[in-house]
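# Report on the structure
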Amino acid sequence: MERCVFCRIITGELPSKQLYHDEHLTAFRDIHPVAPTHILIVPNRHIASLNEAAPEDERLLGSMFTLARQLARQEGIADEGYRLIVNTGGHGGQTIYHLHMHLIGGQRMRHPMG
Ligand code: AMP
Ligand code: ZN
């Protein structure tokens, strides 16, 4: 069984500012926020990256978007807008190999490309 840093945050073995937890998903604040709101949404089951997600995970992946929308509303940033990012692999800039979605907002973002 894999026990990466996010796996240990999900179970509470490592501390985090947890905002949401249910049977399938956990959300907590990023330790190095790049904007006033920076939340990570992760599946409780260890999936290393989007590349390892299976077709059967489609519902789980969809629920990450639904939770992101809900948390954006809760944070009061929904109307101004926000950004969702899933870094994948080396070129994507992924540093933690447990699938996660960044929810970033509370300020205007620079152009995403480059
Ligand atoms: P990525 O570069 O997409 O793999 O993003 C990994 C994110 O995890 C980074 O934004 C880190 O700041 C964040 N991070 C790393 N360790 C922790 C931790 N213990 N608690 C909260 N966020 C973390
Ligand atoms: Zn993990």
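In short, a report on the structure. Every chain is numbered on its own, with residues counted from 1 as its sequence reads. Each chain takes a letter, starting from A, and each ligand takes a number, starting from 1, following the order in which they are written. Local features in this predicted model are restricted to residues of pLDDT 70 or higher, and side-chain atom pairs are both shown and tallied only at a pLDDT of 80 or more, whereas totals for entire chains, interfaces and linings draw on every residue. Computation of side-chain values covers all heavy atoms of the structure but excludes hydrogens and water.

Attention now goes to the packing of aromatic side chains. Here a Phe, Tyr or Trp ring, Trp counted by its six-membered ring, pairs with any other such ring whose centre lies within 6.5 Å, and the pair is stacked when the planes are under 30 degrees apart, edge-to-face when over 60, and tilted otherwise. One pass over the full model with this rule turns up one aromatic pair. With centroids separated by 5.3 Å and ring planes inclined at 70°, the aromatic side chains of F6 and F28 adopt a geometry described as edge-to-face. One end of the pair, F6, is in helix α1 (residues 5-10); the other, F28, is in strand β2 (residues 25-29), with 22 residues separating them in the sequence. Summary of the burial criterion: residues with accessible area below 20% of their type's maximum are buried, those above 50% are exposed, and those between are partly exposed, where the area comes from a 1.4 Å probe applied to protein chains only. Residue F6 is classed as buried on the basis of its relative accessible area of 6%. Think of it this way: any DSSP run of H or I at least four residues long counts as a helix, any run of E at least two long counts as a strand, and we number them from the N terminus.

Turning our attention to the coordination of the zinc ion (ligand 2). In this structure, C4 (SG), C7 (SG), H46 (ND1) and H98 (ND1) serve as the protein donors to the zinc ion (ligand 2), at separations of 2.1 to 2.3 Å. Water is absent from the atoms considered, so a metal site may look incomplete; donors are defined as N, O and S atoms within 2.8 Å of the metal, or 3.2 Å for Na, K and Ca. For four-coordinate sites, all angles between 85 and 135 degrees define a tetrahedron; for four- and six-coordinate sites, opposite donors beyond 155 degrees with the remaining angles between 65 and 115 define square planar and octahedral shapes respectively, and all other cases count as irregular. Coordination geometry of the zinc ion (ligand 2): the four donor atoms subtend angles of 102 to 120° at the metal centre, consistent with an arrangement described as tetrahedral. Ordering the donors of the zinc ion (ligand 2) by residue number gives the pattern C-x2-C-x38-H-x51-H. Of the residues examined, C4 reaches a relative accessible area of 17% and is grouped as buried.

This part covers the site of ligand 1. Proximity is defined per residue: if any heavy atom of the residue lies within 4 Å of a molecule or strand, that residue is considered near it. Near ligand 1, the surroundings consist of 15 residues, among which D30, N87, T95, H100 and H102 are the closest. Think of a polar contact as two N or O atoms within 3.5 Å of one another; within protein, one of them needs to be a possible hydrogen donor and the other a possible acceptor, and neighboring residues in sequence only count if both atoms come from side chains. I31 is positioned such that a nitrogen or oxygen atom in its backbone is 3.1 Å from a nitrogen atom of ligand 1. Between H102 and ligand 1, the recorded distance is 2.8 Å, taken from a side-chain N or O atom to an oxygen atom. Computed with a 1.4 Å probe, the accessible areas rest on the Shrake-Rupley method; for each residue, only the protein chains presented here act as cover. Protein chains shield 83% of the accessible area of ligand 1, which is 510 Å² for the free molecule. Looking at the shell around ligand 1, the elements with two or more residues in it are α1 and β2.

Another aspect to go through is the environment of L103. Positionally, L103 belongs in strand β5 (residues 101-105). For the pair L103 and L71, spaced 32 residues apart in sequence, the C-alpha to C-alpha distance is 8.5 Å.

On to the side chain of H100, then. Note that H100 resides in the loop between α3 (89-92) and β5. Any two residues whose heavy atoms approach within 4.5 Å at even a single point are treated as in contact. In this structure, H100 is in contact with F6, L40, I41, V42, M64, I85, V86 and Q94, ignoring residues within four places of it in sequence.

A carboxyl oxygen of Asp or Glu within 4 Å of a side-chain nitrogen of Lys or Arg is what we treat as a salt bridge. For the structure on display, the rule yields four salt bridges. Across the pair R3 and E13 runs a salt bridge, and its minimum N-O distance is 2.0 Å. One end of the pair, R3, is in the segment before α1; the other, E13, is in the loop between α1 and β1 (18-21), with ten residues separating them in the sequence. Between D79 and R73 there is a salt bridge whose closest N-O contact spans 3.1 Å. Like D79, the residue R73 is exposed in the burial classification.

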